[in-house]
Amino acid sequence: MAGRPLIGISTYLEAEARWGAWQLETALLPAGYPRLVQRAGALAAMLPPDSPEHAAATVARIDGLVIAGGPDVEPVRYGAERDPRSGPPALARDAWELALIEAALTAGIPLLGVCRGMQLLNVAVGGTLVQHIDGHAATPGVFGHHKVKPVPGTLYASAVPEETSVPTFHHQSVDRLGAGLTISARAEDGTPEAVELSSADWVLGVQWHPEMGDDLRVMRALVEAAAAATASPATAA
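For clarity, every value in this text was computed on a predicted model and none was experimentally measured. (Residues numbered from 1 in each chain as written. Predicted model: local features only at pLDDT ≥ 70, side-chain atom pairs only at ≥ 80, totals over all residues. Heavy atoms only, no water.)

**Considerations on the overall build of the protein**
Secondary structure summary: the protein contains seven helices and 13 strands in total. C-alpha atoms of the protein, sized along the principal axes, occupy 55 × 50 × 35 Å. Put simply, the protein has 237 residues, and 50% of those count as buried. In the protein, the share of contacts with a sequence separation of at least 24, taken over all contacts with a separation of at least 6, comes to 69%. (Helix = DSSP H or I, 4+ residues; strand = E, 2+ residues; numbered from the N terminus. Buried < 20%, exposed > 50% of the residue type's maximum accessible area, 1.4 Å probe, protein only. Contact = heavy atoms within 4.5 Å.)

**Overview of the sheet that holds strand E6 (residues 111–114)**
Pairing within the open sheet is mixed, and its nine strands lie in the order E4-E1-E5-E6-E13-E12-E11-E8-E9. For this open sheet the edge positions go to strand E4 (43–47) and strand E9 (164–168), each flanked by a neighbour on one side alone. Within the sheet, the average angular offset between the axes of one strand and its neighbour, ignoring direction, is 25°. In this sheet, E9 lies alongside strand E8 (residues 144–150) in antiparallel orientation, the contact comprising five bridges. Along E9, the bridge assignment pairs histidine 146 with valine 166. Against the sheet, helix H3 (residues 91–107) makes contact with strand E1 (6–10), E4, strand E5 (64–67), E6, strand E12 (192–197) and strand E13 (203–206), and its axis sits at roughly 150° relative to E5, the strand it touches most. (Pairing = 2+ DSSP bridges. Axes fitted to C-alpha atoms, helices over the stretch in contact; angles between N-to-C directions.)

**Here's the deal with a nonpolar patch on the surface**
A grouping of Trp19, Trp22 and Leu24 is seen on the molecular surface, where their side chains present a nonpolar patch of about 350 Å² in accessible area. With respect to the helices, strands and loops of the structure, tryptophan 19 is situated in strand E2 (residues 12–19). (Patch = residues over 30% accessible without salt bridge, like charges linked within 9 Å, V, L, I, M, F, W, Y side chains within 5 Å. Areas by Shrake-Rupley, 256 points an atom, 1.4 Å probe, with all protein chains shown as cover. Salt bridge = Lys/Arg side-chain N within 4 Å of Asp/Glu carboxyl O.)

**Focus on the pattern of salt bridges**
Evaluation of the coordinates by the stated rule reveals six salt bridges. The partner of arginine 93 in a salt bridge is glutamate 97, and the shortest N-O contact between them spans 2.8 Å. Taken together, the residues span about one helical turn, with arginine 93 and glutamate 97 both in helix H3 at a distance of four residues. With respect to class, arginine 93 is no different from glutamate 97; both count as buried.

**Remarks on the packing of aromatic side chains**
Tallied over the full model, the rule gives two aromatic pairs. Ring geometry for tyrosine 156 and tryptophan 208: centres 5.5 Å apart, planes at 70°, overall edge-to-face. In this pair, tyrosine 156 sits in helix H5 (residues 155–159) while tryptophan 208 sits in the loop between E13 and helix H6 (217–230), placing the two residues 52 residues apart along the sequence. The buried category is assigned to tyrosine 156, whose relative accessible area is 1%. For tryptophan 208, a relative accessible area of 3% gives the class buried. The ring of tyrosine 12 carries arginine 93 above its face, with NZ or CZ at 4.5 Å from the centroid. (Phe/Tyr/Trp six-rings, centres within 6.5 Å; stacked < 30°, edge-to-face > 60°. Lys NZ or Arg CZ within 6 Å of the ring centre and 35° of its normal.)

**Thoughts on unusual backbone geometry**
A negative phi holds for most residues other than glycine; trans holds for most peptide bonds. Phi is positive for cysteine 115, close to 55°, though the residue is something other than glycine. Tracing the backbone through its elements, the reader meets cysteine 115 in the loop between E6 and helix H4 (116–124).

**Quick look at the packing of H3 against H4**
The contact between H3 and H4 brings their axes to 10 Å, and the two run at 70°. With respect to each other, H3 and H4 are oriented roughly perpendicular. Contacts between H3 and H4 involve Arg93, Asp94, Glu97, Leu98 and Ile101 on the former and, on the latter, Arg116, Leu120, Leu121 and Ala124. Among the residues forming the contact of H3 with H4, the class breakdown is five nonpolar, no polar and four charged. (Parallel < 35°, antiparallel > 145°, perpendicular 65-115°, else oblique. Nonpolar A, V, L, I, M, F, W, Y, C, P; charged D, E, K, R; others polar.)

**Looking at the nonpolar core**
Judged by nonpolar contacts, the single largest core of 33 residues is most densely connected at Ile7, Val66, Leu112, Tyr156, Leu204 and Met219. For this core, the secondary structure elements donating two or more residues are E1, helix H1 (32–39), E6, H5, E13 and H6. Looking at this core element by element, the count peaks at seven residues for H6. Leave out the neighbours within four places in its chain, and tyrosine 156 touches Val148, Pro150, Thr164, Ser184, Ala185, Glu196, Leu204, Trp208 and Val218. If you look at the next biggest cluster of nonpolar residues, it comprises 29 residues, including Val73, Leu98, Leu129 and Leu181. (Core = buried A, V, L, I, M, F, W, Y, C linked by side-chain atoms within 4.5 Å.)

**Notes on the pairing of strand E3 (residues 22–28)**
Of the pairings in the sheet, the one linking E2 to E3 comprises six bridges and is antiparallel in character. Counted as the bridge partner of arginine 18 is glutamine 23 from E3. Counted along the chain from E2 to the antiparallel partner E3, the turn is two residues long, and its residue glycine 20 has a positive phi close to 55°.

Dropping the structure here:
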């Protein structure tokens, strides 16, 4: 790879976090995300929440985008009433990350949604979510593992052609697919575990957490797509 593309990763905004003598409002991100981006051959940039009107300008400065995992998407975003088992809303984060997704789709830059990021991608293009499923999140704060099987001929299958065991923690999933999305991997119980946008060059969502494992292939595919999209004629020659 001639140059290291810049991959932006959305971050959390928490009311307070503690380190040393400090306890302050914090924009944070589990270290597994930037480390995975770096191990896959790119530079990582953490994107703190901002006004949605700045999403297009933010996306214009990066070569690829990762929407990180996190809290449940507010059900009103997909026209549903709140299930009692849905988590508390993160309204500002929903607005910012939806704007980032829309800006990335408009700009045509490679996009990877992780867990919540996959669900938010589906909502961004008109899909809906199942607000609670069993069997995909065991002990709170502890990642489990289960197998996912790729759908042959998909973008995901081109990166990971075989069935694999993946680190997972989620209690919601894709219900009705948004416009243009196709399922590219499933769990053994049939739950959609990856979706992709067929009309775009590289847009993928995975329900699991690749940043918690050792398999670089999904992130490496994003990085390679970002590098290819930004290569100059001289670089590509």
